[in-house]
Amino acid sequence: MRKTIIAGNWKMYKSPKQALDFAHSLSDIEPNETVRVIVCAPYLALPLLKEKVTLPLEISAQNVHQEEEGAFTGEISASMLTSIGVDITLIGHSERRQYFGESDDVVARKVRRALSHELDIILCVGEHLEQREAGEEESVVSNQLKAALSGVSKEEMKSISIAYEPVWAIGTGKTASSEDAQAMGSHIRKELISLYDEETSSACSLLYGGSVKPENIDELLAQPDVDGVLVGGASLDPESFRKLVEAGNRK
Ligand code: 13P
């Protein structure tokens, strides 16, 4: 049975202290056994969160470098993350692709590096507005998936969840309709069957991201191929995040 995932991506918000205050104010959440609650925190907050915060709140990085180590000023490696106990990372967020030039090839290398360090991965895919208007959203997402998962085994797929985040819905207040989210979820499910098999596909948690908030999460999670959400803006406030977790419990 695949898990429901309620994940907050804090992007470049929250100091270590603000991150810890957030975690403390949610210390009483009680997600069901089938629900994972994850916050993707800025690097600087990770050591403090890993030291002070216990389950059910899981702590993820937002990015990881593709090389093992080397002269890559300002970057963070997979082994640095695991050295402080971080065992989850986002990879391929559209903001990384758009503002930091991460190509499909770089995303694929990050995936393989993270897997070699036994990190769980939330792999982000999604089309731009022009691509959707041209009816290309499914082929764009298929190509991103094929590239990112090249060389990834069936066994390794157990560590990967996939977040569909249409770029035009991120931070814009414009959510994809629950039908659009379901249509892409179903498409990704089929793509995973063709890349792997039925069992691997149906075990993979598929998330939707893009202007998710307490007001629209129930409708999104009601879709059979929306197993969870990746939330930016509405994950920053603890009371709003609490409502998202409660919606996860209702799925
Ligand atoms: P918003 O929820 O702010 O639209 O951000 C979505 C996102 O990018 C999560 O990774």
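The structure this text deals with has already been given above.
Our subject in this report is the structure included herewith. Remember, predicted model here, so these are calculated numbers, not experimental data.

Quick look at the pairing of strand E1 (residues 4-9)
Consecutive side chains along a regular strand alternate between the two faces of the sheet.
So, step 1. Here E1 lies mainly inside the structure; 6 of its 6 residues are buried.
So, step 2. Taking every second residue as pointing to the same face, both faces of E1 are buried, with Thr4, Ile6 and Gly8 on one and Ile5, Ala7 and Asn9 on the other.
So, step 3. Relative to strand E2 (residues 35-40), E1 runs parallel, the two being bridged by 6 bridges. Bridge pairing in E2 links Thr4 to Val35.
So, step 4. The β-α-β motif built from E1, the intervening helix H1 (residues 16-25) and the parallel element E2 has right-handed crossover chirality.
So, step 5. Here E1 pairs with strand E8 (residues 228-231) via 4 bridges, running parallel.

Digging into the packing of aromatic side chains
So, step 1. Applying the stated criterion across every chain, the model contains 3 aromatic pairs.
So, step 2. Ring centres 4.7 Å apart and planes at 75° place the aromatic pair Trp10 and Phe22 in the edge-to-face group. In this pair, Trp10 sits in the loop between E1 and H1 while Phe22 sits in helix H1, placing the two residues 12 residues apart along the sequence.
So, step 3. A network of ring pairs unites the aromatic residues Trp10, Phe22 and Phe241 as a single cluster.
So, step 4. A cation over a ring is seen here: Lys14 above Trp10, with NZ or CZ 5.2 Å from the ring centre.

Overview of unusual backbone geometry
So, step 1. Cis geometry marks the peptide bond from Leu55 to Pro56, where omega comes out at 15°.
So, step 2. If you trace the backbone, Pro56 turns up in the loop between helix H2 (46-52) and strand E3 (57-60).
So, step 3. Phi is positive for Glu118, close to 60°, though the residue is something other than glycine.
So, step 4. Examined against the element boundaries, Glu118 turns out to sit in the loop between helix H5 (104-116) and strand E5 (120-125).
So, step 5. Exposure remark for Glu118: the relative accessible area of 69% places this residue in the exposed category.

Some remarks on the pairing of E5
So, step 1. Where burial is concerned, most of E5 is hidden: 5 out of the 6 residues are buried.
So, step 2. Pairing of strand E4 (residues 88-91) with E5 involves 4 bridges; the strand directions are parallel. Bridge pairing in E5 links Thr89 to Ile121.

Points about the sheet that holds strand E6 (residues 160-164)
So, step 1. Sheet architecture is open: 8 strands sit in the order E3-E2-E1-E8-E7-E6-E5-E4, paired in parallel fashion. Pairing within the sheet leaves two strands with one partner each, and these edge strands are E3 and E4. Going across the sheet, the axis of each strand differs from the next one's by a mean of 25°, ignoring polarity.
So, step 2. Pairing of E5 with E6, which is carried by 5 bridges, proceeds in the parallel orientation. When the sheet's bridge partners are listed, Ile121 is paired in E6 with Ile160.
So, step 3. Sheet contacts for helix H12 (residues 238-250): E1, E2, E3 and E8; angle to E1, the most-contacted strand, approximately 165°.

What counts, and at which threshold
Residues numbered from 1 in each chain as written. Predicted model: local features only at pLDDT ≥ 70, side-chain atom pairs only at ≥ 80, totals over all residues. Heavy atoms only, no water. Buried < 20%, exposed > 50% of the residue type's maximum accessible area, 1.4 Å probe, protein only. Helix = DSSP H or I, 4+ residues; strand = E, 2+ residues; numbered from the N terminus. Pairing = 2+ DSSP bridges. Right-handed = clockwise from strand over helix to strand, strands pointing away. Phe/Tyr/Trp six-rings, centres within 6.5 Å; stacked < 30°, edge-to-face > 60°. Lys NZ or Arg CZ within 6 Å of the ring centre and 35° of its normal. Axes fitted to C-alpha atoms, helices over the stretch in contact; angles between N-to-C directions. Contact = heavy atoms within 4.5 Å.

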